[in-house]
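Below are the chains, spelled out letter by letter.
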Amino acid sequence: MPRFAANLSLMFNEVPFLDRFAAARAAGFEAVEFLFPYEYPAADLRKRLDDNGLKQVLFNLPPGDWAAGERGMAALPGRTEEFHDSVKLGLEYAAALGCELVHCMAGMSPQGVQIPTLAAIFATNLSWAAEQAHAAGVKLVIEPINHRDMPRYFMHTTRQAAAVIDAVGRDRVGLQFDIYHCQITEGDITKRMEALMPIIAHMQLADVPARNEPGTGEIGWPYVFRRIDELGYTGWVGCEYRPVGDTVAGLGWRKMAAA
């Protein structure tokens, strides 16, 4: 059975963020992920993890101006110094939280800038960040995000991500394989999973089309869960979905993974 981590940015929204750690533990989760930790002192978050016997398995580097629509800086021209600062901050939080994976978001492609230019910036920045992370005992992951939810995001396909990972180094950067994004952009989930397994460092799930819990959409989850096990994946699967209703009431889907 895959190991599931609760995503505290999307799940357990019935309670304030800092109370979601206890709610996740009470619901049977042993690990958590979330988008960003930076609104809270790292010590406060670590205490919530320790008090509830939880492992922090993933969060994102600072994304730039999220409220203005920014979704990362690694591929953006003119942002190198700010990106470097964001990496340093992210690694400070990773050390405090005992988190071994951090997601580096590429960013939204600016109007008028050619893709090869953005690709070169991304490779340079990611290589620098990966070296800093490696020295700190952290592995960076990158994630293709579907073209429907983020049409201008720099990286949409697993093929793009795999090429970047091979260029920078598989020991430095891994793939964050999100089943939801893959189904929308590429389909053929389990065959892609099989081909990409050597570089997959983290997985995430949500059903398609509405990004709700498994069993609410088009994906055949019992087969997907079985293939995750058969392929020998031992990492975490982050539950990055929006519950249709009450979070706990919607957790019955986990029975499909145990079948």
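Residues numbered from 1 in each chain as written. Predicted model: local features only at pLDDT ≥ 70, side-chain atom pairs only at ≥ 80, totals over all residues. Heavy atoms only, no water.

Enquirer: Help me out: how do you make sense of the overall build of the protein chain in this one?
Expert: Scanning the protein chain from N- to C-terminus turns up 9 helices and 8 strands. Taking the principal axes of its C-alpha atoms as reference, the protein chain extends roughly 45 × 40 × 35 Å. Across the protein chain, contacts joining residues at least 24 apart in sequence account for 76% of those joining residues at least 6 apart. When the accessible surface of the protein chain is summed, it comes to about 11,100 Å², and 52% of that surface belongs to carbon and sulfur atoms. (Helix = DSSP H or I, 4+ residues; strand = E, 2+ residues; numbered from the N terminus. Contact = heavy atoms within 4.5 Å. Areas by Shrake-Rupley, 256 points an atom, 1.4 Å probe, with all protein chains shown as cover.)

Enquirer: Sorry if this is basic, but what is going on with the side chain of Ser-109 here?
Expert: Turning to its location among the elements, Ser-109 is positioned in the loop between strand S4 (101-103) and helix H4 (115-135). Residue classification places Ser-109 among the buried residues on the basis of a relative accessible area of 15%. (Buried < 20%, exposed > 50% of the residue type's maximum accessible area, 1.4 Å probe, protein only.)

Enquirer: What am I meant to see in helix H7 (residues 189-196) here?
Expert: An α-helical turn contains 3.6 residues, so a residue and the one three or four places further along point in the same direction. Those residues of H7 not exposed but buried are Ile-189, Thr-190, Met-193 and Leu-196. Down the axis, H7 shows its buried residues gathered within 135 degrees of arc, on one side only. In H7, the exposed positions angled more than 90 degrees off the buried face are occupied by Lys-191 and Ala-195. Buried-residue contacts for H7 involve helix H5 (158-168), strand S6 (173-178), helix H6 (179-185), strand S7 (200-205) and helix H8 (221-230). (Arc of directions from axis to C-beta.)

Enquirer: For this particular structure, what's the right way to read the packing of aromatic side chains?
Expert: Geometry of an aromatic ring pair is reported as the spacing of the ring centres plus the angle between the planes. Inspection of the entire model under this criterion finds 15 aromatic pairs. With a centroid separation of 5.5 Å and 70 degrees between ring planes, the pair formed by Phe-4 and Phe-225 is classed as edge-to-face. Placement of the pair is Phe-4 in strand S1 (residues 3-7) and Phe-225 in helix H8, with a sequence separation of 221 residues. Summarising the aromatic geometry, the rings of Phe-12 and Phe-29 are spaced 6.3 Å apart at their centres and angled 85 degrees between planes, so their arrangement reads as edge-to-face. Here Phe-12, found in the loop between S1 and helix H1 (20-26), pairs with Phe-29, found in the loop between H1 and strand S2 (31-33); they are 17 residues apart in sequence, far enough to count as distant. Each of the two residues, Phe-12 as well as Phe-29, counts as buried. Site record: aromatic cluster; members linked through ring pairs are Phe-17, Phe-21, Phe-34, Tyr-38, Tyr-40, Phe-59 and Tyr-93. (Phe/Tyr/Trp six-rings, centres within 6.5 Å; stacked < 30°, edge-to-face > 60°.)

Enquirer: Any chance you could explain the state of the cysteines here in plain terms?
Expert: Disulfides are covalent bonds that connect the sulfur atoms of two cysteines. Scanning the entire structure with this criterion turns up 0 disulfides. Left without a disulfide partner, Cys-99 is nearest to the cysteine sulfur of Cys-104, which lies 14 Å away. Using a relative accessible area of 3% as the deciding quantity, one classes Cys-99 as buried. (Disulfide = S-S within 2.5 Å.)

Enquirer: Looking at this structure, how should I read H5?
Expert: Buried within H5 are the following residues: Thr-158, Ala-161, Ala-162, Val-164, Ile-165 and Val-168. For H5, the angular spread of the buried residues around the axis is 160 degrees, confining them to a single face. Projecting away from the buried face of H5 at angles above 90 degrees are the exposed residues Arg-159 and Ala-167. Contacts from the buried residues of H5 go to H4, strand S5 (139-142), S6 and H7.

Enquirer: What is the right way to read the sheet that holds S1 from this model?
Expert: Paired through their backbone hydrogen bonds, the strands of a sheet run either parallel or antiparallel. Strand order in the closed barrel formed by 8 strands is S1-S2-S3-S4-S5-S6-S7-S8, and the pairing between neighbours is parallel. On average, adjacent strands in this sheet sit at an angle of 30 degrees to one another, irrespective of strand direction. Bridge count between strand S3 (residues 55-60) and S4: 2 bridges; the pairing is parallel. Residue Asn-60 lies in a different strand from S4, and its bridge partner there is His-103. Taken strand by strand, helix H3 (residues 80-97) contacts S3 and S4, and its axis lies near 170 degrees from that of S3. In this fold H7 packs onto S6 and S7, with an angle of close to 170 degrees to the strand it touches most, S6. (Pairing = 2+ DSSP bridges. Axes fitted to C-alpha atoms, helices over the stretch in contact; angles between N-to-C directions.)

Enquirer: Any chance you could explain the packing of helix H2 (residues 42-51) against H3 here in plain terms?
Expert: For any two helices packed against each other, the geometry is given by the interaxial angle and the distance between the axes. Between H2 and H3, the shortest axis-to-axis distance is 9 Å and the interhelical angle comes to 30 degrees. Crossing angle aside, the handedness with which H2 passes H3 is right-handed. Residues Ala-42, Leu-45, Arg-46 and Leu-49 of H2 form the contact with H3, whose own contacting residues are Tyr-93, Ala-96 and Leu-97. For the contact of H2 with H3, the class distribution of residues is 6 nonpolar, no polar and 1 charged. (Left-handed = near helix turned anticlockwise from the far one by under 90°. Nonpolar A, V, L, I, M, F, W, Y, C, P; charged D, E, K, R; others polar.)

Enquirer: Looking at this structure, I do not really get the environment of Gly-137. What am I missing?
Expert: Structurally, Gly-137 is set in the loop between H4 and S5. As for Gly-137 and Leu-91, which are separated by 46 residues in sequence, their C-alpha atoms are 9.4 Å apart.

Enquirer: What's the story with the environment of Tyr-223 in this structure? I'm lost.
Expert: For Tyr-223, the location among the structural elements is in helix H8. With a relative accessible area of 41%, Tyr-223 lands in the partly exposed category.

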